[in-house]
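Observations on the three-dimensional arrangement
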Amino acid sequence: MREAIRLSLAKMRRGAGGPFGAVLVRDGQILARGWNRVTSTHDPTAHAEVVAIRAAGRRLRRFHLEDCELYTSCEPCPMCLAAIYWARVRRVFYANTRHDAARIGFDDDWIHREVARPLRRRALPMEQVLRDEALAALQEWERKADKVPY
């Protein structure tokens, strides 16, 4: 956890992004590091946890991290939490809470509330179009003999 906190401070001070750091640990050793790079890369998905997950996947040459633990300087936002679930990370440790982050302007609580609403009641309009055409890709994937399931 201290390495995640160290990264959050060092990279923020260098102007890489917000005050967030994360490390993925496997067998007691740091496998990958990540820090917030949103402003330095102009990538809204470059949160510390996502950056660390991407680095770990590249290093291990696999996309499931079920034998890893994540240490993050702040409670993960909904996007990061979804990425953590997709990566199958075994356990998460965090330092600051989302409420601590909200007090300084990083308020993702509205996203937590928004995704729990039915589609028709969300602030972001969503409309289904061309489903029949798009089903072709799903059907082909279903039949694909050499697919890599995830």
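All values reported here derive from a predicted model rather than from experimental measurement.

All right, on to the state of the cysteines then. Cysteine pairs can be covalently joined through their sulfur atoms, and such a bond is termed a disulfide. With the rule as written, the count across this model stands at zero disulfides. Between C74, a free cysteine, and C77, which holds the nearest cysteine sulfur, the sulfur-to-sulfur gap is 9.2 Å. A relative accessible area of 5% means that C74 is categorised as buried. No disulfide involves C80; its nearest neighbouring cysteine sulfur is the one of C77, lying 3.7 Å away.

Within the largest apolar cluster, 18 residues are counted, with the highest numbers of intra-cluster contacts made by L24, I53, A56, L65, C68, L70 and V89. Breaking this core down by element, the ones donating at least two residues are β1 (21–26), β2 (29–35), α3 (48–60), β3 (68–74) and α4 (78–87). When residues in this core are grouped by element, the largest group, five residues, is from α3. Not counting residues within four places of it along the chain, the set of residues in contact with L24 comprises Q29, I30, L31, A32, A52, I53, A56, L65, C68, E69, L70 and V89. Membership of the second largest hydrophobic core comes to six residues, among which are V23, V25, W35 and Y71.

Scoring rules and cut-offs
Residues numbered from 1 in each chain as written. Predicted model: local features only at pLDDT ≥ 70, side-chain atom pairs only at ≥ 80, totals over all residues. Heavy atoms only, no water. Disulfide = S-S within 2.5 Å. Buried < 20%, exposed > 50% of the residue type's maximum accessible area, 1.4 Å probe, protein only. Core = buried A, V, L, I, M, F, W, Y, C linked by side-chain atoms within 4.5 Å. Helix = DSSP H or I, 4+ residues; strand = E, 2+ residues; numbered from the N terminus. Contact = heavy atoms within 4.5 Å.

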